[in-house]
Amino acid sequence: LDPSKDPDALLRAAVASNARCPFDILFRLARDPDWQVRRAAAGQRLPYRQVSLVGDGDPRVRREVAANPATSLGSLRRLAADPAPSVRAAAARNPSTLPRTLMALADDDLASVRAAAARNQRTPLESQWRLATDEDPSVVETVAARTLDDDLLYALIDERRPALVDEDEYEDDG
């Protein structure tokens, strides 16, 4: 019985998602005509030099590759420039993405990609400071929630203090 030849795509996807799936079956499933099966295979620790799903025609498959911490650094760099925003955002969230790639993603045209870069702890501090002044409030809020830099946190509060705190409430009456 060869699960890679089963007519049921959901069964093939389930096999591909199994962490103990033998590589020979996984290689076949990574080339499956059904995108759900390829996406399941993309979530595994595939040797991407032998099975490349980085150039898959379906962005849902490429997004899964971009999200996989086992994806090679070169592949992550390529996925960071993908035309699909969801793929770029997944690359930005990946904990294996290099800081220089995250710097480029922090300058993306789309706020969702910039926010994803702000979520990544490997995003360089220089980029975090730039994102802290982003035009999109969701990006700034993400920086505020995720940064590990005390100076940046103080700057965010001090910069917005008039909008956040009514100074008159804290004046001493006596």
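Up top is the structure these notes are about.
The notes below deal with the structure included here. Please read all numbers here as calculations on a predicted model, not as lab measurements.

**Side note on the pattern of salt bridges**
Note on pairing: side chains with opposite charge can pair once their charged atoms come close.
Part 1: Summed over the entire model, instances satisfying the criterion amount to 9 salt bridges.
Part 2: Measuring nitrogen to oxygen at the nearest pair gives 2.5 Å for the salt bridge that ties Arg 38 to Asp 56. In this pair, Arg 38 sits in helix α3 (residues 35–42) while Asp 56 sits in the loop between α3 and α4 (59–67), placing the two residues 18 residues apart along the sequence. Take Arg 38 and Asp 56: they sit in the same class, and that class is buried.

**Comments concerning the packing of helix α6 (residues 85–93) against helix α8 (residues 111–119)**
Part 1: Contact pair α6 / α8: the axes reach a minimum separation of 7 Å and the direction vectors enclose 10°. Classed by the angle they form, the pair α6 and α8 counts as roughly parallel. Contacts between α6 and α8 involve Pro 85, Arg 88, Ala 89, Ala 92 and Arg 93 from the former and Ser 112, Val 113, Ala 116, Ala 117 and Arg 119 from the latter.
Part 2: Its residues placed into classes, the contact of α6 with α8 shows 6 nonpolar, 1 polar and 3 charged.

**Description of helix α10 (residues 137–146)**
Part 1: Buried residues of α10: Val 139, Val 140, Thr 142 and Val 143, and no others. All buried residues of α10 lie within an arc of 160° about the axis, which places them on one face of the element. Set apart from the buried face of α10 by more than 90 degrees, the exposed residues are Pro 137, Glu 141 and Ala 145.

**Some points on the packing of aromatic side chains**
Part 1: In the structure shown here, the tally under the stated rule is 1 aromatic pair.
Part 2: Seen from the ring of Trp 35, Arg 60 lies directly overhead, with NZ or CZ sitting 3.5 Å from the centre.

Thresholds applied
Residues numbered from 1 in each chain as written. Predicted model: local features only at pLDDT ≥ 70, side-chain atom pairs only at ≥ 80, totals over all residues. Heavy atoms only, no water. Salt bridge = Lys/Arg side-chain N within 4 Å of Asp/Glu carboxyl O. Helix = DSSP H or I, 4+ residues; strand = E, 2+ residues; numbered from the N terminus. Buried < 20%, exposed > 50% of the residue type's maximum accessible area, 1.4 Å probe, protein only. Axes fitted to C-alpha atoms, helices over the stretch in contact; angles between N-to-C directions. Parallel < 35°, antiparallel > 145°, perpendicular 65-115°, else oblique. Contact = heavy atoms within 4.5 Å. Nonpolar A, V, L, I, M, F, W, Y, C, P; charged D, E, K, R; others polar. Arc of directions from axis to C-beta. Phe/Tyr/Trp six-rings, centres within 6.5 Å; stacked < 30°, edge-to-face > 60°. Lys NZ or Arg CZ within 6 Å of the ring centre and 35° of its normal.

Keep in mind these values describe shape, not function.
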